[in-house]
Structures are given as C-alpha cells and as structure tokens.
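Observations on the model geometry
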Amino acid sequence: MNFAPHIPIPENEPQIAKIPEVPMVGLDTLWLQIGGTVCNLTCTHCFISCTPQNHNHPLMKLAQVQKHLEESKHLGIQDYYITGGEVFLNPELFEIYEAILQYGPCTTLTNGMLISREKAQRLAELQARAKNKLHFRVSLDSLDPEENDAIRGRNAFKLALRGIRYLAEAGFSAHLTMVRSWDDEDDPTMETKALAFMREQGVPHPQVKFLPGFMMGELAVTEREYHPNERVTEKCFENFAITNLQCSSSRMVTAKGVYVCPILIEEDQARMGDTVEETLRPFPLYHSACYTCRVSGMSCKS
Ligand code: SF4
Ligand code: SF4
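Here the structure is a predicted model, which means the values were calculated and not measured. (Residues numbered from 1 in each chain as written. Chains lettered and ligands numbered in written order. Predicted model: local features only at pLDDT ≥ 70, side-chain atom pairs only at ≥ 80, totals over all residues. Heavy atoms only, no water.)

1. Concerning the site of ligand 2
What surrounds ligand 2 is the set Leu245, Gln246, Cys247, Val260, Cys261, Leu264, Phe283, Leu285, Ala289, Cys290 and Cys293. Among the cavities detected, the one that contains ligand 2 is the second largest cavity. When residues of the shell around ligand 2 are assigned to their parent elements, the largest contribution, three residues, is made by helix 8 (residues 288–296). Considering only residue class, the shell around ligand 2 consists of 10 nonpolar, one polar and no charged. (Near = heavy atom within 4 Å. 1 Å grid on protein atoms, 1.4 Å probe; cavity = no way out; pocket = protein on both sides within 12 Å on 5 of 7 lines; lining within 4 Å. Sits in = over half its atoms within 2 Å of the grid points. Helix = DSSP H or I, 4+ residues; strand = E, 2+ residues; numbered from the N terminus. Nonpolar A, V, L, I, M, F, W, Y, C, P; charged D, E, K, R; others polar.)

2. Overview of the site of ligand 1
Taken together, Cys39, Leu41, Cys43, His45, Cys46, Cys50, Gly85, Asn111 and Arg152 make up the full set of residues near ligand 1. Its atoms largely coinciding with the cavity grid, ligand 1 occupies the largest cavity. Class assignment for the residues of the shell around ligand 1 results in five nonpolar, three polar and one charged.

3. Concerning the side chain of Gln127
Within the fold, Gln127 resides in helix 3 (residues 117–129). At a separation of 2.9 Å, a polar atom in the side chain of Gln127 contacts the main-chain carbonyl oxygen of Asn132. Residue contacts for Gln127: discarding those within four places in its chain leaves Asn132, Lys133, Leu134 and Phe172. (Polar contact = N/O pair within 3.5 Å; in protein donor to acceptor, adjacent residues only side chain to side chain. Contact = heavy atoms within 4.5 Å.)

4. A look at the layout of surface pockets
Approximately 360 Å³ is the volume found for the second largest pocket. Lining the second largest pocket are 20 residues, and of these Leu134, His135, Phe136, Ser173 and His175 sit closest to its centre. Listing elements by their share of the lining of the second largest pocket, those giving two or more residues are strand 3 (79–82), strand 4 (106–110) and strand 5 (134–139). Looking at which element gives the most residues to the lining of the second largest pocket, the answer is strand 5, with four residues. When its residues are assigned to classes, the lining of the second largest pocket shows seven nonpolar, nine polar and four charged. (Points joined across faces, edges and corners; volume = space filled by probe spheres on them.)

By themselves, these are just geometric observations and shouldn't be taken as functional.
This is the structure:
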C-alpha cells in the first residue's frame, strides 16, 4: 500500500516566499492528547511514531485535563476530541470522560483493540448519566485483515472489529477512519465498501472518514520524507480560504503544553503556550504537513 498523498509537488518557489499565517478565528474545538505518544501498536504510518515505550508525550493526568477544561470554559468550545497514542491505555480514562462530558460532547479516536465488553457497558452507563454525547472513531487501514495487519500489527483487524461490535452492542455507532492509500477518485467506491462493512459488524449508523498520510514520523521512514518544495505559500490561499484549516478554530492540549494542532505535537515550534488562552493567536504555516492539510483539504474533525 502506498500512503504518500497523491498531491502535486509544487514548482520551486523563491526562498523568500512569505510563510502565510493562519488566524485564530474563534476556538470551537479542543483536542486533548490524553494517550500521549504511548500506544499498544506501532503502525508503519504513524506520524508521531507512537509505541508502547514512547513517552515523549506522557499520558495526561485527570488533574491536567481538569485544569485545561476549567481555564477554557469561557472560550466558546463546542466539542472535545481525545486521542493519543491509545486513549484506552490511560488508567484515568473514565474519570476523564466524566470531566469532559460536563463541558461538552466528546469524540474518542482509538484503535479499538482495548475495548472489552465490560468497558463498552461502562461507557453506556456513563452516557446514560451524562448531559453530553460520547462519539467514537475506530481506525483501520484496509478492509482486508492481512493488508490491515501488515500496517497496524498482528490481530489489529480482529480486535478492532471486536471493539466496534462491543461499542455497537452498548449503543454506540462507531465511525471508521482510514488513512488513504488509494487515489482520491476512488473515495466513493471505498466509502460504499466501508459503510457496508460497518453495517455487517452491526453498526446501525456508520460513517467513514478518510485521512491523508503525513510524511513524518514512521511514514517518513517507510515511504518518504517531504520534498523541500512541499510548503504552503500565500499563493496556496488565493482560491482556498485559510480559515478552512482546522488550526484556525482548534488547539491541542498535551501533558507538555498547548500545541497548534494534533499533527505537529512533536515540533517545538508548534508548542504555543502553557494555557489554551495564550495560544489564541495566529500561527505561521511553516511545516510541510501544512501543505498536506492545504492540498487534501484535510480536517481531523468531521
Ligand atoms: S497510528 Fe494510531 S494506532 Fe497506530 S501507532 Fe499511531 S497512535 Fe497507535
Ligand atoms: S499541520 Fe495542518 S492543522 Fe497543523 S498547523 Fe499545519 S495546516 Fe494547521
């Protein structure tokens, strides 16, 4: 499979081309990296190279989450996303859910493998008590078990499916996320197949989301690094509103501070401050990953 995005490499721009800045137009989404960079898997395309031993970004503690929820409660946030690493490795996960759901709806990004029937039932109990909704996105990279496990690891397919089914039993309609390894024009066919596949697993209202590969972390090793010309310039935004980028309306909280987005948490330059409030300012789109976001129109949100 080829995860390199099928996007054009631009002509050489003069080095003096100005780096555009994305404005902060209003914070509506807060991401929380509660799984840090710790994961039970070592996927060959992981753009932050998560492993069971990678504690570069540690698991977030409940107290850290609570501090950021409290400090940002007046900032107009509409929804919360939690990710990692793998969030189900966080021993305070259920307490973190309780805390977040007091502030707004929460979407979980997970590989699904650690969701037992008991945990899914506990989630259903939590949901019954909460005033806000829980949503789940489970990742697979192919509908073929062998192809998927070649990327994500042994038994990843089987256990992710088990997690999806347990969530369905507990009343949650998981959405499927896949990193695109096919041409963009094949998206409609893939979508039809993926939706049918999810219905076969008992998911009543499935949705699918395709994400581009980012040529960093593991993918820089297994596919290729970014080409030096893969950078955004002001010209890139002549026919595309820069405010379509998710970094114009979201921020990413980690145990090590607040970053511009979920993609750049390994970049010192992308750490914008200690508190959410101090990060509500423009950000220069200096990184090649910004080119992927621009060309693919990518948003980690729905
Ligand atoms: S891509 Fe997701 S599941 Fe795979 S190693 Fe990275 S964080 Fe874990
Ligand atoms: S990687 Fe994407 S989301 Fe992050 S700062 Fe660049 S354009 Fe924004």
